[in-house]
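Fold and contact review
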Amino acid sequence: MAFNHVDPESLQLIIQLQLEDAEHLARGKQGPGAGPSDADAALAMYRQELESLLYDTDQDGINQTMHDFAGLYLSDELYPEAEKGESSRSMAGAHLVHCVACDEGGSPSQMARCPCSHEYCAPCLTHLFQSALRDGSLFPARCCGQPIPLQGNGRFLSPEIMSAYRAKQVEHTTPNKTYCHVARCSAFLAPTTIRGNTATCHRCGARTCVLCKNRDHQGRGRCREDEGTREVLRVAADRGWRRCQNCRTMVELQMGCFHMTCHCGFQFCYLCGVEWKNCPCVQWDEERLTRRAHDNARRDAQWQGLDHDLREAQIQRERENLERHDARNHEWARRRPRGVPRCEGCARCRPDYVFECHVCHLLVCRGCRFNRF
């Protein structure tokens, strides 16, 4: 019978029996005056991993638990798809893996694995998901641009975070979102709360018109934008901000070309707001491009010793690099900058773990390198 067809109750029983066998083996190895051997250490790690699987009862983690247990116990003949070699979770090949965020080591079964193959310890994964819940630009929680799935990793998160994250997923994927018009509430109103053009708040009970986002007027009179919305739109127009057509989020361009990708996934032109590749607009703002190329050129350690012509040539090379660069695929490298640099992703000063894209010279902290860009 294939191992992935074992029901969860049988799986728990199998692991419990293996724990009892391991305990019996450990007692049999004890002797007077004998210090711990390598075999003892391996056995202790084996028992620790079995225990971590035994108490993994989160429904989303059952498939991952089966996979982990296959690596711990089953032979290649019984479970040929179990991981081999370096990543094997067998007792003989037990090894530590390191969290990409804090660099702490742990057994593979104690780490959440991302689609990009990076791994996170439970505290760092929790922090990442909490940050994604607070900061919309980090949602969904991701590593190397790929969303981190809840399935298989739910066992590392609390039920409260899991529940809040699933609710946030609904909000994140809902186009033209509606929020409670009561300012002190402002709860997101899911599509399930909407009947006709009216949404009823699950938190305070207020009714909101989904068309104008104000107090529900039950079809009496025309929808009107409230003064707060009009003021935001006036400020946006003055500062050149653009509104995403899909989720209605306001977006500001700080660097790069006019090809915008909103956190909801919609791609559009920053100049006109139309979906990308459906307008005749230019791709670059010449002044912004030249300014960035000049800033990048000045970062070169040889800049001060260059004459005017060489400096102009350096700026032109940086400009060409920026024009060719795909901002969705940065080429990162660790660097040790002078002074304390300010991360261009989160705007915080981070002296450690600084990464630079060697094409566009974007400087970011470790967190933004893995979880934002």
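In this text, all values refer to a predicted model and were calculated from it rather than measured experimentally.

Structural notes on the pattern of salt bridges
- Applying the stated rule across the entire model yields 9 salt bridges.
- Between Glu287 and Arg291 there is a salt bridge, with its nearest N and O atoms 3.7 Å apart. Linking Glu287 with Arg291, this pair stays in helix H7 (residues 286-298), spanning 4 residues, or about one helical turn.
- Residue Glu287 is classed as exposed on the basis of its relative accessible area, which comes to 59%.
- Between Arg299 and Glu344 there is a salt bridge whose closest N-O contact spans 3.3 Å. On the criterion of sequence distance, the pair formed by Arg299 in the loop between H7 and helix H8 (308-324) and Glu344 in the loop between strand S14 (332-334) and strand S15 (355-357) is long-range, its members being 45 residues apart.

Quick look at the packing of aromatic side chains
- One pass over the structure, following the stated rule, counts 5 aromatic pairs.
- Here Phe266 and Phe268 contribute two aromatic rings whose centre-to-centre distance is 6.0 Å and whose plane-to-plane angle is 20°, an arrangement assigned as stacked. There is no split in this pair, since Phe266 and Phe268 are both buried.
- Taken together, the aromatic side chains of Phe129, Phe139 and Tyr165 make up a single cluster linked through ring pairs.
- Note that Arg369 overlies the ring of Phe370, its terminal NZ or CZ placed 4.1 Å from the centroid.

Examining the sheet that holds strand S9 (residues 207-209)
- Strands sit in the order S7-S8-S9 across an open sheet of 3 strands; the sheet is antiparallel. For this open sheet the edge positions go to strand S7 (194-195) and S9, each flanked by a neighbour on one side alone.
- One ladder, built from 3 bridges, connects strand S8 (residues 198-200) with S9; its direction is antiparallel. Residue pairing for S9: Thr200 is matched across the bridge by Arg207.

Quick word on the sheet that holds S15
- The strand order across the open sheet formed by 3 strands is S14-S15-S16, and the pairing between neighbours is antiparallel. The open sheet has two edge strands with one neighbour each: S14 and strand S16 (363-364).
- Across 2 bridges, S15 lies against S16 in antiparallel orientation. If you follow Phe355 over to S16, its bridge partner there is Val364.

Notes on unusual backbone geometry
- That bond from Phe139 to Pro140 is cis: its omega, -5°, falls within 30 degrees of zero.
- Checked against the element boundaries, Pro140 lands in the loop between helix H4 (122-134) and strand S5 (142-143).
- Backbone geometry places Asn176, a non-glycine residue, at a positive phi of 50°.
- The residue Ser186 is not glycine, and still its phi comes out positive at about 55°.
- Summarising the element assignment, Ser186 is placed in the loop between helix H5 (159-173) and S7.
- When its relative accessible area of 37% is taken as the criterion, Ser186 is described as partly exposed.

Scoring rules and cut-offs
- Residues numbered from 1 in each chain as written.
- Predicted model: local features only at pLDDT ≥ 70, side-chain atom pairs only at ≥ 80, totals over all residues.
- Heavy atoms only, no water.
- Salt bridge = Lys/Arg side-chain N within 4 Å of Asp/Glu carboxyl O.
- Helix = DSSP H or I, 4+ residues; strand = E, 2+ residues; numbered from the N terminus.
- Buried < 20%, exposed > 50% of the residue type's maximum accessible area, 1.4 Å probe, protein only.
- Phe/Tyr/Trp six-rings, centres within 6.5 Å; stacked < 30°, edge-to-face > 60°.
- Lys NZ or Arg CZ within 6 Å of the ring centre and 35° of its normal.
- Pairing = 2+ DSSP bridges.

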